[in-house]
Amino acid sequence: MKKRNFKIMTFTTLIVVILFIFNYYNNNWKLIEKVSAKQIIWQDESKYDGIYVDTLRDQFNEKRSLIIAATPVTKNKIINENLKNTSKIFIDEFYKEAKQQENGYQEYLKKNLKTATFTTDYVQHFDVSFISKKYIAFVFDQYNNTWGTGNEKTFSKIFYKDSGKEIFLSDFFSSDNYLNILSKLSAKELYKKYPKNTKFIEDGTIPKKDNFDSVVFTKKGLLISFDKYQVWPGSDGIVEILIPYKSISKNLSSEMRELFIDSNKDSYNKKSSLSEIKPVIVKDTKKIKTKSVDCSVAHCVALTFDDGPSIYTDWLLDILKEKNVKATFFVLGKSAKIQRDTIRRIAKEWHEIWSHSWDHKNFKKLTSKQAKIQLTNTDAIISELIGHNTPFFRPPYGSYTHEMLTNSKTPYILWNIDPEDWKEKNRTILVNRMSLASQGDIILAHDIHKTTIAAIPEVIDKLKAKGFTLVTISELFSPEKLKNHKVYYNKK
Ligand code: ZN
């Protein structure tokens, strides 16, 4: 080796080592407390200058109980104390709930009952909704899942950066009747979304503090969230509306008017652009349920639901929960995108979610490029919501080309019992058609039809009475045995 080359190499190596050490110290999080064997609290940098993140993580009861709670830390001690107390309420509630759940679980074990929903998952995320010279606002997203049911709460906290004093919703307005103003404006917005929901909207927007406990101060306006069922009876989950500051400028206190309307050029100290609040995904609970039924021994029948999720899906999920039955959902990407909470609930209650294309086009009439887009977009939204891809596909109308199947990366799953529930609206007829299933059959139903859902409790009862075990598609087939480029109905 030439001397000059050797020098260059030594120099390069040295630089790489320095960069590595620098990077290591810069990025490495700092463990600040190890409270118990599993519970740890660590501090990390955030994407905002001068704001750190304290994260608590604890997992126990053989992984049935899990908490991840992120709390912001600023340079102001008073703000930090306030934020810490906010997290403490959430964390304390988790430990209380986890203890209760575990007692319930032990009871079930004694009675030899089988259940899969004994998990307590609590996750708290936050983001900075804005920073200005004088103010800082945080938005918190608290998610919990107990007894198989998920709940989400979003709220924000705004502070004076210097004094650390918190500013409350009432401080935003010049007069005491701010709840009346919010009530009127949000009802108006909600009627635009749901024109027929008079009763729900009236009740959900009565001017009282409880109805407006989830308000986020964003740069554009007040983002108000209404709980599930507060203003809408269906399964839309949390409903959000934005009240622009401009529309309430007359009612704002002079200070707030100055902040949000007059001077929008306040300096931002962010490192990157303010991101949207990401959906909370509890990856640990998204594993596919392990196979618990051996269908070579048991008499298995699979209930599958296509074309959802819809406003009836939550009702169906309640029925399945009550009957302790797991089903398979072949969902449309476009519906999953809108009904995110329903998709999360399906996954959290251990049903299976597979792809049924983006918007139910007949694949025989699509170009291969169009077909590919249908599949990748659906996969993307499902994996965003539940943390994994979908290994099975059911083509709409059971329609596909030979070419499509040859190039497919997943097996196709069709059905053998079709009650034609899109056409038949008589509940009894549907019950009879679906109950005719025999060993290994796949029943096709649609969770977009009210009559179908109404028929399900009796279908389940009848099939159980005949000695059938109702299973998911992965339980019916071993996914690892299924081959791509193949179509499966049953008994094969
Ligand atoms: Zn369909």
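Residues numbered from 1 in each chain as written. Predicted model: local features only at pLDDT ≥ 70, side-chain atom pairs only at ≥ 80, totals over all residues. Heavy atoms only, no water.

### Some points on helix 3 (residues 178-193)
Quick reminder of the rule: Secondary structure is summarised from DSSP: a helix means a run of H or I of at least four residues, a strand means a run of E of at least two, and numbering begins at the N terminus for each. Each residue after the first adds 1.5 Å to the expected span of a helix. For every residue, the accessible area (1.4 Å probe, protein chains only) is compared with the maximum for its type, and the residue is labelled buried under 20%, exposed over 50%, or partly exposed between those bounds. Two residues form a contact once any of their heavy atoms are found within 4.5 Å.
With 16 residues, helix 3 should cover 22 Å at 1.5 Å per step; its first-to-last C-alpha distance of 23 Å lies within 8% of that length. Tyr178, Leu179, Ile181, Leu182, Ser183, Ser186, Ala187 and Leu190 are the residues of helix 3 that are buried. On its buried face, helix 3 is in contact with helix 4 (198-204), strand 10 (221-226) and strand 11 (239-244).

### Regarding the coordination of the zinc ion
Where we set the bar: Each metal's donors are the N, O and S atoms found within 2.8 Å of it, except that Na, K and Ca use a 3.2 Å limit; water is left out, so coordination can look incomplete.
Protein-derived coordination of the zinc ion comes from Asp307 (OD), His356 (NE2) and His360 (NE2), at a distance range of 2.1 to 2.2 Å. In terms of primary sequence, the donors binding the zinc ion are separated according to D-x48-H-x3-H. For His356, a relative accessible area of 2% gives the class buried.

### So, the side chain of His360
Rules: By the criterion applied in these results, polar contacts are pairs of N or O atoms within 3.5 Å in which, for protein atoms, one can donate a hydrogen and the other can accept it, and in which residues neighboring in sequence qualify only through two side-chain atoms.
Structurally, His360 is set in the loop between strand 14 (352-355) and helix 9 (368-386). Under the relative-accessibility criterion, His360 is labelled buried at 18%. Only 3.2 Å separates the side chain of His360 from the side chain of Asp307, close enough to count as a polar contact. At a separation of 3.4 Å, a polar atom in the side chain of His360 contacts the side chain of Tyr397. When neighbours within four sequence positions are excluded, His360 is seen to be in contact with Asp307, Leu332, Gln374, Pro396 and Tyr397.

### A closer look at the confidence of the model for the protein chain
The condition is simple: Confidence of the predictor at the level of single residues is given by pLDDT, which spans 0 to 100.
Looking at the protein chain as a whole, its pLDDT mean stands at 80, while 79% of the residues score no less than 70. The secondary structure element of the protein chain with the lowest average pLDDT is helix 1 (residues 3-27), at 53, and the one with the highest is strand 13 (residues 328-331), at 96. For residues 19-28, every residue scores under 50 in pLDDT, and the model assigns this stretch three contacts once sequence neighbours within four places are set aside. A low-confidence stretch, residues 264-291 stays under pLDDT 50, and its non-local contacts, those more than four residues away or across chains, total 73 contacts.

### Some remarks on the packing of helix 11 (residues 427-435) against helix 12 (residues 450-465)
Operational definition: Lines fitted to C-alpha atoms define the axes, with helix axes restricted to the stretch in contact, and inter-axis angles between N-to-C directions lie between 0 and 180 degrees. Roughly parallel here means an angle under 35 degrees, roughly antiparallel means over 145, roughly perpendicular means 65 to 115, and every remaining angle is called oblique. Crossing chirality is assigned from the near helix's rotation relative to the far helix, an anticlockwise turn below a right angle marking it left-handed and a clockwise turn marking it right-handed. Three classes are used, and their members are as follows: Ala, Val, Leu, Ile, Met, Phe, Trp, Tyr, Cys and Pro are nonpolar, Asp, Glu, Lys and Arg are charged, and the others, Gly among them, are polar.
Relative orientation of the contacting elements helix 11 and helix 12 amounts to 45°, with a least axis distance of 8 Å. As judged from the angle between their axes, helix 11 and helix 12 are oblique. The handedness of the crossing between helix 11 and helix 12 comes out as right-handed. On the side of helix 11, the interface is formed by Arg427, Leu430, Val431, Asn432, Met434 and Ser435, while helix 12 contributes Thr451, Thr452, Ala454, Ala455, Ile456, Glu458, Val459, Lys462 and Leu463. Partitioned by chemical class, the residues of the contact of helix 11 with helix 12 number eight nonpolar, four polar and three charged.

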